[in-house]
Amino acid sequence: MIAFKDLVDIIGGSVLQEPATQSVISYLATDSRKLVLPARTLFFAIRGTRHNGHHYLPDLYAQGVRNFVVEVALPESVLSRYPEANILLVNSAVDALQLLARVHRQGFVLPVVAITGSNGKTIVKEWAAQLLAPDFNIVRSPKSYNSQIGVPLSVWSIAPQHTLGIFEAGISQPHEMTRLQAILQPTIGIFTNIGTAHDEGFSSQNEKIAEKWQLFKDCPVVIYNRAHEALDTFIQKYKSDNQYVIAWKVTREGTRYRVEGLGGEAWELNLPFSDAASVENVLHCVALMFCLGKTQAETQSRLLALKPVSMRLELKQGINQCYLIDDSYNNDLAGLTLALDLLNQQNQAVKSRKTVILSDVPQAGIEPTILYKHIAQLLTEKNVRRVIGIGKEIKVLRQFFEGETAFFDSTDSFLEAIKPQQYFHNELILIKGARSFEFERIGQWLQEKVHGTRLEINLDALVNNLNFYKSKLKPETKLMVMVKAFAYGSGSYEVANLLQFHRVDYLTVAYTDEGVDLRRNGITLPIMVMNPAPETFDKLLSFNLEPEVYSFRILQKLLEHLDGQPAKIHLKIDTGMRRLGFEEKEIAALVQVLNENKNLTVGSAFSHLAGSDEAKHNDFSHQQIATYTRSVEALEQGLGYKFIRHIVNSPGIIRFPEAHFDMVRLGIGLYGVEVNGLEQAHLQTVGTLKTVISQIKHVPTGESIGYGRRGLAQHPDTTLATIAIGYADGFSRGFSRGVGSVKVNGQLAPVVGNICMDMCMIDITGIAAQEGDEVVIFDDTLTISDLAAKINTIPYEIITNISARVKRVFYTE
Ligand SMILES: *Cc1c(COP(=O)(O)O)cnc(C)c1O
């Protein structure tokens, strides 16, 4: 904490304005969207290449921020708009922020662990914090705040009660690390590893190592893995005599790991993870435990309780049609603010009724009455309908919380008092608790039980892909997204909700029921139905869905049903696909019927290309586009008004920019597959299909495996795993007998014998695996397109075949 009047002594600059009101500064901010307690915040207005913090001053002032550091000498006319604000002018707001953090750090004597390296920084930080929680009061960087701005913001949160700091540091340019070193002043360094990739700004791997080493040059203890040769050579050469270097080395003996380099000792340990990256990350933590005086026995027992770090916020399906956002990652006020923003983004979403289950919020330096009053206000602003508070502190201050509330002393008393099946229905629940409250128990209890097989949908990847296709369109071109067939297997209304949030223009489904489902789940975008059966016209109209009309028969049925009522329709024109649609020669007759029935309005008229993804069909595609153009011109002439024109699908968007007309129809591209193979690098994988190992067996050479005895044990002592996915889940029988392979702990394992309805057998000889381990059917490296090629089909069929019983799990990074 600091007062504005003392700021100039620390960071210099000149005071532009300092009205009498003096407030205490507890928080530093550089992003107007991430304010915690505005009245106690000092905002640094930074001018970057894309953003200029000065643009947000009016908004920040309106939100109650009263202390600012700026880089621009604001004229009197501007200052007068912020009569109560204290404003300090400096040359560089980033320098000022870093200087303030440096001075703050100097005020504390505590061990500070700094972590750098190419990979694993956040995981090592989180695991170290988990393992050392019983011994220390730990302050650590939130998420991966490791940049020139993130590090000072993290260091600012060191407070008197802390006994250990754990922070990450990352750089992208030469000369950045020296600055981070001065802010962190670490006493223990962990150099996780070094990648070979040539990063922006560095000419060689050694230059990168040398730059990162700046963080540790005065550090009394440094930890690294001796297996990284370049790193080992460098450190052995440049370490100083008074530095204690722990260069650990691991060898595996069966299921045990032997770690050397911990003083004179070698520790033998069982680790809870077996993939190479996790082993390295966990052993950095082991070395840290060693240097903080923990014994092997103590370390081993804590390792077995280590939980995987979930860096992502998952949107999980809960009991009784609830959705859960399970986030116990950051338990302070700043973390709560972030999680509530995510909750609010689901607004249009899935469920409108919002519940928050919240533990005591450990927050130093703010009186509980001010803290909880602020939290209560935040919850009201974010439209939270029900608050369940767990913990003694929050319970005492219950009077601040409005609306429907319930309070409990502990997680145990909550779990005992509540019957979840009766208590939670149809709502979006945010679970947010400090570690000691073990809220993961609440998460497990509310989560719908998933049979091991699940399709994980990366919502960030969907947004990336959406933005990629948008970048291919002129600003005025509209975007229709195909969410037929359960959004290509990815989950209709979760995907539709995201598309609504990102403001696409139209959605399309195949059948009326699919559209009704979207409406029932709060989707208000216009929706076209491609194949509306006449029996469903009633539903179609009452749910405000717009039918495709492709023949005179359907047109006649619709007119009879409407009996003069108005409706908007979409006309399908067959220009060569030979599937549904009016032909060019029928346009005149169509115009006549429409002109006689003015209650029908044509919202759009469209056609579909039969071979837009293949250059060999270019002539045919151009012919289709020409036929389409003639047809819609004739239609428009005959009707006397304009309507939306559209013809291209995902591959067509890329290959026929001249045929975008007024709108394009995006399908498979959104889900991460670029069927032309031209722009795949710009798309991200959306779906990852996973299952688990149910059982492991050892089978002697030559024995038969599975139905029809079509599999054979190939190796002496073949190791066989039975996995919980079969053709009824959408893992085609075509993958039987070695045609398909799946991934077990990163290694490919072929299918053995015939795939059964609910499971199949794979050969895992030589692969380290245990019953219950995860198995990947497809992901970003074993792709849907690879799978399709193996069984002679197309990616569309692979993703839409994943059956409804496979749970969909949605997440954002
Ligand atoms: C499914 C469909 C699309 C989308 O095709 P993709 O190849 O998945 O982009 C476009 N138009 C019509 C008429 C469709 O049926």
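Residue indices begin from 1 for each chain and proceed along its sequence in written order. The predicted nature of this model means local features are confined to residues of pLDDT at least 70 and side-chain atom pairs, given and counted, to a pLDDT of 80 or more, with totals for whole chains, interfaces and linings taken over all residues. To obtain the side-chain values, all non-hydrogen atoms of the structure were used and water was disregarded.

- Under the annotation held in an unreviewed UniProt entry, the chain carries the name Alanine racemase and is attributed to Flexibacter flexilis DSM 6793.
- UniProt positions are given in the numbering used here, feature names are shortened, and annotations may be inferred rather than shown by experiment. Listed in UniProt under the heading Sequence similarities (unreviewed entry), the comment for the chain reads: "Belongs to the alanine racemase family."

### Regarding the environment of Phe401
Part 1: By definition, any uninterrupted DSSP run of H or I lasting at least four residues is a helix, any uninterrupted run of E lasting at least two residues is a strand, and each is numbered from the N terminus. Inspection of the secondary structure puts Phe401 in the loop between helix 14 (392-396) and strand 20 (404-408).
Part 2: When a residue's accessible area, from a 1.4 Å probe over protein chains only, is under 20% of the maximum for its type it is buried; when over 50% it is exposed; and in between it is partly exposed. The exposure class of Phe401 is buried, given its relative accessible area of 7%.
Part 3: Discounting chain neighbours no more than four positions away, the residues touching Phe401 are Tyr372, Ile375, Ala376, Leu379, Val387, Ile394 and Phe407. Throughout, a residue-residue contact means that at least one pair of heavy atoms, one from each residue, lies within 4.5 Å.

### Examining the sheet that holds strand 2 (residues 14-17)
Part 1: At least two bridges found by DSSP between two strands are what make those strands a pair. What the five strands build is an open sheet, ordered 2-7-6-5-4; its pairing is mixed. Of all the strands in the sheet, the pair left with one neighbour each is strand 2 and strand 4 (27-29). Between one strand and the next, the sheet's axes are offset by a mean angle of 25 degrees, whatever the strand orientation.
Part 2: Pairing between strand 4 and strand 5 (residues 41-44): three bridges, direction parallel. When the bridges of strand 5 are listed, Ala29 appears paired with Phe43.
Part 3: Helix axes are fitted to C-alpha atoms over the stretch in contact, other axes to C-alpha atoms as well, and angles between N-to-C directions run from 0 to 180 degrees. Those strands touched by helix 1 (residues 4-11) are strand 2, strand 5, strand 6 (67-70) and strand 7 (86-89), and its axis lies near 10 degrees from that of strand 7.
Part 4: Those strands touched by helix 4 (residues 93-106) are strand 4, strand 5 and strand 6, and its axis lies near 140 degrees from that of strand 5.

### Thoughts on the site of the ligand
Part 1: Only a single heavy atom is needed: when it lies within 4 Å of a molecule or strand, its residue is near that molecule or strand. Taken together, 13 residues surround the ligand, and among them Lys484, Tyr488, Ser650, Ile668 and Tyr796 come closest.
Part 2: In protein, a polar contact requires one atom able to donate a hydrogen and another able to accept it; more generally it is a pair of N or O atoms within 3.5 Å, and residues adjacent in sequence count only if both atoms are side-chain atoms. Within the contact set of the ligand, an oxygen atom lies 2.4 Å away from a side-chain nitrogen or oxygen of Ser650.
Part 3: All accessible areas in this document rest on Shrake-Rupley with a 1.4 Å probe, and a residue is counted as covered only by the protein chains that are shown. Surface burial for the ligand is 95%, taken as the share of its 380 Å² of free accessible area covered by protein chains.
Part 4: Listing elements by their share of the shell around the ligand, those giving two or more residues are helix 19 (484-488) and helix 26 (650-655).
Part 5: Its residues assigned to classes, the shell around the ligand shows six nonpolar, four polar and three charged. Gly counts as polar in this scheme, as do all residues outside two lists: the nonpolar Ala, Val, Leu, Ile, Met, Phe, Trp, Tyr, Cys and Pro, and the charged Asp, Glu, Lys and Arg.

### Quick word on helix 1
Part 1: For helix 1, the set of buried residues is Phe4, Leu7 and Ile11. For helix 1, the angular spread of the buried residues around the axis is 20 degrees, confining them to a single face.
Part 2: Trailing helix 1 by a residue or two, Gly12 shows a phi angle of about 75 degrees, which is positive. What the arc covers is the set of directions going from the helix axis to the C-beta atoms.

### As for the UniProt feature "modified residue: N6-(pyridoxal phosphate)lysine" (unreviewed entry) in the chain
Part 1: Per the UniProt entry, the sites bearing "modified residue: N6-(pyridoxal phosphate)lysine" (unreviewed entry) are Lys484 in this numbering.
Part 2: By secondary structure assignment, the location of Lys484 is in helix 19.
Part 3: What makes Lys484 partly exposed here is its relative accessible area of 25%.
Part 4: When neighbours within four sequence positions are excluded, Lys484 is seen to be in contact with Thr508, Val509, Ala510, Glu514 and Met530.

### So, the UniProt feature "binding site: substrate" (unreviewed entry) in the chain
Part 1: UniProt marks Arg579 and Met757 with the feature "binding site: substrate" (unreviewed entry), using the numbering shown here. These annotated residues cover 179 residues of sequence, and their C-alpha atoms reach 33.1 Å apart at the extremes, leaving them scattered rather than at a single site.
Part 2: Within the element layout of this structure, Arg579 appears in the loop between strand 27 (567-572) and helix 24 (587-596).
Part 3: Setting aside residues no more than four positions away along its own chain, Arg579 makes contact with Lys572, Asp574 and His608.
Part 4: Examined against the element boundaries, Met757 turns out to sit in the loop between strand 36 (747-752) and strand 37 (760-763).
Part 5: Once you skip the residues sitting within four places of it in the chain, Met757 turns out to touch Gly726, Tyr727, Ala728, Asp729 and Arg805.

### Focus on unusual backbone geometry
Part 1: One non-glycine residue, Glu438, lies in the positive phi region at around 50 degrees.
Part 2: With respect to the helices and strands, the residue Glu438 is situated in the loop between strand 21 (428-432) and helix 17 (440-446).
Part 3: Here Glu438 falls in the partly exposed class, since its relative accessible area comes to 36%.
Part 4: A positive phi angle is found at Arg578, which is not glycine, with a value near 60 degrees.
Part 5: Within the secondary structure, Arg578 is located in the loop between strand 27 and helix 24.

### A short note on the environment of Asp275
Part 1: Tracing the chain through its elements places Asp275 in the loop between strand 15 (265-270) and helix 10 (276-291).
Part 2: Asp275 gets classed as partly exposed once you look at its relative accessible area, which sits at 31%.

### Side note on the packing of helix 1 against helix 4
Part 1: It is the contact of helix 1 with helix 4, at a shortest axis distance of 10 Å, that shows an interaxial angle of 95 degrees. On the basis of their axis angle, the class for helix 1 and helix 4 is roughly perpendicular. Each of Leu7, Ile10 and Ile11 in helix 1 lies in contact with helix 4, whose residues at this interface are Ala96, Leu99, Leu100 and Val103.
Part 2: Residue classes in the contact of helix 1 with helix 4 are distributed as seven nonpolar, no polar and no charged. Orientation labels follow simple angle bins: below 35 degrees gives roughly parallel, above 145 gives roughly antiparallel, 65 to 115 gives roughly perpendicular, and whatever is left gives oblique.

### Considerations on the side chain of Gln300
Part 1: Turning to its location among the elements, Gln300 is positioned in helix 11 (residues 296-304).
Part 2: If we ignore the near neighbours within four places in the chain, the residues touching Gln300 are Glu268, Leu269 and Asn270.

### Things to note about the domain arrangement of the chain
Part 1: According to the domain assignment, the chain consists of domain 1 (2-92), domain 2 (108-304), domain 3 (313-449), domain 4 (460-679) and domain 5 (687-812).
Part 2: Each of domain 3 and domain 5 has a C-alpha centre, and these two points are 39 Å apart. These domain limits were set by an automatic method or by a database of domain assignments.

### Digging into the packing of aromatic side chains
Part 1: Stacked, edge-to-face and tilted labels apply to pairs of Phe, Tyr and Trp rings (six-membered ring for Trp) whose centres lie within 6.5 Å, assigned for plane angles under 30 degrees, over 60, and everything in between, in that order. Within the structure shown, the criterion is met by 18 aromatic pairs.
Part 2: Ring geometry for Phe401 and Phe407: centres 5.7 Å apart, planes at 55 degrees, overall tilted. The same class applies to Phe401 as to Phe407, namely buried.
Part 3: Plain terms: the ring middles of Phe731 and Phe735 are 5.0 Å apart, the flat faces sit at 15 degrees to each other, and that makes the pair stacked. As far as the burial class goes, Phe731 and Phe735 line up, both buried.
Part 4: What links up through ring pairs into an aromatic cluster is the set Phe191, Trp213, Phe216, Phe234 and Tyr238.

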